[in-house]
Amino acid sequence: ATDPAALARAPPHPRGTIPFFTLKRPLRLGEERRLSIFEPRWLALLDALAAANAPAETPAPNAASDDPSRLINVSFGCVFALNRVHTPAGPADAGRVAEAEAEVEAEGGGERVADVLLLPVARRARVVRAVAG
């Protein structure tokens, strides 16, 4: 779902797991990279990470957007996505992939399903700077 209210109500990632961002190019050891995050699902993930990083007495429903400094030192995984195909949610036949991708693009988003091919290795990343904007 891409509805911000629905994303805010979603349960956090399970304890003992690490959320992952998919990247268009691999993250090298020690590399510092700027991520421009604007999709509601990724913003909701950052809000959840910031809320988990906030002091217990501080309610933080929109922690990252309210105070980006709460993201400093938060860690998450980064994995290189070799290929991605986005199609509208719901039944689609395999012969319609290009047409379905064009529909998703024309609709400006909407509900969609991603088929992602990943490398079997990932890196753990840590936030060193965070700016809202």
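Residues numbered from 1 in each chain as written. Predicted model: local features only at pLDDT ≥ 70, side-chain atom pairs only at ≥ 80, totals over all residues. Heavy atoms only, no water.

Digging into the pattern of salt bridges
We apply this condition: Any Lys or Arg side-chain nitrogen located within 4 Å of an Asp or Glu carboxyl oxygen qualifies as a salt bridge. Only protein chains enter the accessibility calculation, which uses a 1.4 Å probe; a residue is then buried when its area is under 20% of its type maximum, exposed when over 50%, and partly exposed in between.
Going through the model one piece at a time under the given rule, you end up with 5 salt bridges. The closest approach of N and O atoms between Arg25 and Glu31, which form a salt bridge, is 3.1 Å. By relative accessible area, which is 43% here, Arg25 ends up partly exposed. Classification of Glu31 as partly exposed rests on a relative accessible area of 25%. Bridged by salt links that share partners, the residues Arg25, Glu31 and Arg33 form one connected network.

Details of the layout of surface pockets
For the record, the criterion: Buriedness for pockets is judged along seven lines, at least five of which must meet protein on both sides within 12 Å for an open set on the 1 Å grid over protein atoms alone, while cavities are sets there where a 1.4 Å probe fits but cannot get out, and lining residues have an atom within 4 Å of a point. Grid points are joined across faces, edges and corners, and a volume is the space filled by probe spheres set on the points. A helix here means a DSSP run of H or I that spans at least four residues, while a strand means a run of E at least two residues long, and both kinds are numbered starting from the N terminus. Put simply, Ala, Val, Leu, Ile, Met, Phe, Trp, Tyr, Cys and Pro go in the nonpolar bin, Asp, Glu, Lys and Arg in the charged bin, and everything else, Gly too, in the polar bin.
Empty space within the second largest pocket amounts to approximately 450 Å³. For the second largest pocket, the lining is made up of 16 residues, of which Thr22, Lys24, Glu39, Trp42 and Arg84 are closest to its centre. Those elements that place two or more of their residues in the lining of the second largest pocket are strand E1 (20-23), helix H2 (40-53) and strand E2 (75-88). The residue makeup of the lining of the second largest pocket, split by class, is 6 nonpolar, 3 polar and 7 charged.

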